[in-house]
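# Examination of the molecular architecture
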Amino acid sequence: MAATDSYAGGDGRLSPLSTPSATRAVLEAHGIGTKYTLGQNFLVNDDVLKKIIALAEVDEADRVLEVGPGIGTLTIALLKHAASVVAIERDPDLPAVLADTLHPWREKFALIEKDALDVTGDDIVAAMAEIGADTGCLDRASSAANETAQWAVSQSEDCLSESRYRVAVPQEELQPSLPSKLVANLPYAVAATVVLDYFESFLFLDSVTIMVQKEVADRMAAAVGTKNYGAYTVKLGLHAEAAGRFPVGPGNFFPPPRVDSAVIRLNRRVPLMADGAPATPEVIAAAALIADAAFANRRKTIANSCKTYFSGRGSLLLGASGSSAGLRAVDGALSGGVGGAFVLDGADIVDHLPAIFDAAAIDPRRRGETLTQQEFLALGAALLKEATV
């Protein structure tokens, strides 16, 4: 921990990279620039970093997952507080930068070089098994770039230095503790998709604290009946609930984005049916499907919107995993269950819509924006009961 203690000294910043000059120097030292196509806007305000750590409640027992670490600005703050960090980065230019900037914490950090939307649970397990391993890889950072970045960020030898970058070591029998928190400054173009996908797919995540575009945060936390309340709000609400947020202006980034941002925390929750029983994964997936249908034509009644949505969709396979991602079109006519999943037919659902609304005690003349999450769950349960082939 000597390197960590030394890194915390100097100007007292939580992250020495949290200034425009330091960020610019690191990028220039490695001969790279920001990439608009990847949504790269680097955070350069140390006070915002402190607020993120506080909102996420990161402590020394936490194993944290990060998406889009960039040059490591937030990552350093996380590593100073958490037991370990696994980061996911798709930009092939950044691993060498991270090997330098995160050198003092190399034994508690692992990187997954992959698109965040393609990452699997196995990838995260392998990364956790890698943490702390010293495989003697060849140095991936240039010493010249390191020296320049060292000068720009800090005079301490602990700031940026040559490092040996690890690769995953097969340890099939090892069962490492998986990350329970996602904390990230997400690329805005994929932020909403990543958050919902990770709540659906990675059940080991208990909370998500992320920097997103303000409008996305508004959708995530929207109340029933408001303009921001939609299918995404409902589907995310089937897995999580907002637990705090704060605004972040464009001037806190390099380069400044053209939009306002917000940091929002979402805590995992298990939705309850009207009788107080936890909703099953199948009902949750069916409720997500109904939400998509109800908001397909926002200005129409749910009866008309659902009719339009399901007409012509053919057969659908509703996975028992509880993820709406398990719902997909199926070629040909099918009947009965398939591998523990439910097979639904679009035309059959249309025929059963009156019975579905009746079973859920929902007036079909209402619009989707007026329905609560519990009412969508009731519709999901009714869908499975009335329209399963």
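Residues numbered from 1 in each chain as written. Predicted model: local features only at pLDDT ≥ 70, side-chain atom pairs only at ≥ 80, totals over all residues. Heavy atoms only, no water.

### Observations concerning the overall build of the protein chain
- Broken down by element type, the protein chain carries 14 helices and 12 strands.
- Expressed as a percentage of its 389 residues, the buried residues of the protein chain come to 52%.
- Across the protein chain, contacts joining residues at least 24 apart in sequence account for 73% of those joining residues at least 6 apart.
- Element-wise, carbon and sulfur atoms account for 50% of the exposed surface of the protein chain, whose accessible area totals about 16800 Å². (Helix = DSSP H or I, 4+ residues; strand = E, 2+ residues; numbered from the N terminus. Buried < 20%, exposed > 50% of the residue type's maximum accessible area, 1.4 Å probe, protein only. Contact = heavy atoms within 4.5 Å. Areas by Shrake-Rupley, 256 points an atom, 1.4 Å probe, with all protein chains shown as cover.)

### Things to note about the pairing of strand β5 (residues 181–185)
- With five of its five residues buried, β5 lies for the most part within the structure.
- Side chains K181, V183 and N185 of β5 all project onto a buried face; the interleaved residues L182 and A184 project onto the opposite face, where all are buried too.
- Sheet topology places strand β2 (residues 63–67) next to β5; two bridges connect them, and they run parallel. Residue pairing for β5: V64 is matched across the bridge by K181. (Pairing = 2+ DSSP bridges.)

### A short note on the packing of helix α3 (residues 46–56) against helix α4 (residues 73–81)
- The interhelical angle for the contact between α3 and α4, taken along N-to-C directions, is 45°, at an axis separation of 10 Å. It follows from the interaxial angle that α3 and α4 lie oblique. Crossing of α3 against α4: the hand is right-handed. Contacts between α3 and α4 involve L49, I52 and I53 on the former and, on the latter, T73, L74, A77, L78 and H81.
- For the contact of α3 with α4, a count of residues per class yields six nonpolar, two polar and no charged. (Axes fitted to C-alpha atoms, helices over the stretch in contact; angles between N-to-C directions. Parallel < 35°, antiparallel > 145°, perpendicular 65-115°, else oblique. Left-handed = near helix turned anticlockwise from the far one by under 90°. Nonpolar A, V, L, I, M, F, W, Y, C, P; charged D, E, K, R; others polar.)

### Considerations on the confidence of the model for the protein chain
- The pLDDT averaged across the protein chain works out to 83; a share of 78% of its residues lies at or above 70.
- Low pLDDT, under 50, characterises residues 1–10; the stretch is placed with 17 contacts to residues that sit more than four places away or in other chains.
- Low pLDDT, under 50, characterises residues 134–175; the predicted model gives this stretch 86 contacts beyond four residues in sequence or across chains. (pLDDT = per-residue confidence, 0-100.)

### A short note on the nonpolar core
- Counting 41 residues, the largest nonpolar core has F310, I349, I356, F376, L377, L379 and L383 as its most contacted members.
- Listing elements by their share of this core, those giving two or more residues are α10 (231–237), α11 (281–294), α12 (302–310), β10 (315–318), α13 (346–360) and α14 (373–387).
- Residue contributions to this core peak at 11 residues, all from α11.
- Non-local contacts of F310, meaning those with residues more than four positions away in its chain, are made with L289, I290, A293, G346, A347, I349 and V350.
- Membership of the second largest hydrophobic core comes to 40 residues, among which are L14, I52, W105 and F253. (Core = buried A, V, L, I, M, F, W, Y, C linked by side-chain atoms within 4.5 Å.)

### Focus on the environment of V343
- Relative to the elements of secondary structure, V343 occurs in strand β12 (residues 342–345).
- Overall, V343 belongs to the buried group, its relative accessible area being 1%.
- For the pair V343 and A387, spaced 44 residues apart in sequence, the C-alpha separation works out to 9.1 Å.

### Looking at the packing of α11 against α14
- Contact geometry for α11 and α14: axes closest at 7 Å, N-to-C directions at 105°. In terms of orientation, α11 and α14 fall into the roughly perpendicular class. The segment α11 lies against α14, with E282, V283, I284, A286, A287, L289, I290, A291 and A294 engaging F376, L377, L379, G380, A381, L383 and L384.

### A look at helix α2 (residues 20–29)
- What α2 keeps buried is the set A22, T23, A25, V26, L27 and A29.
- Of the residues flanking the end of α2, it is G31, one or two places downstream, whose phi is positive at about 70°.

### Thoughts on unusual backbone geometry
- The linkage connecting F254 with the following residue, P255, adopts the cis geometry, with an omega of -10°.
- Locating P255 in the fold gives a position in the loop between β8 (253–254) and β9 (261–268).
- A positive phi angle, close to 55°, is found at E57, a residue other than glycine.
- Among the structural elements, E57 can be located in the loop between α3 and β2.
- With a phi close to 60°, A361 is a non-glycine residue in the positive phi region.
- Here A361 lies in the loop between α13 and α14.

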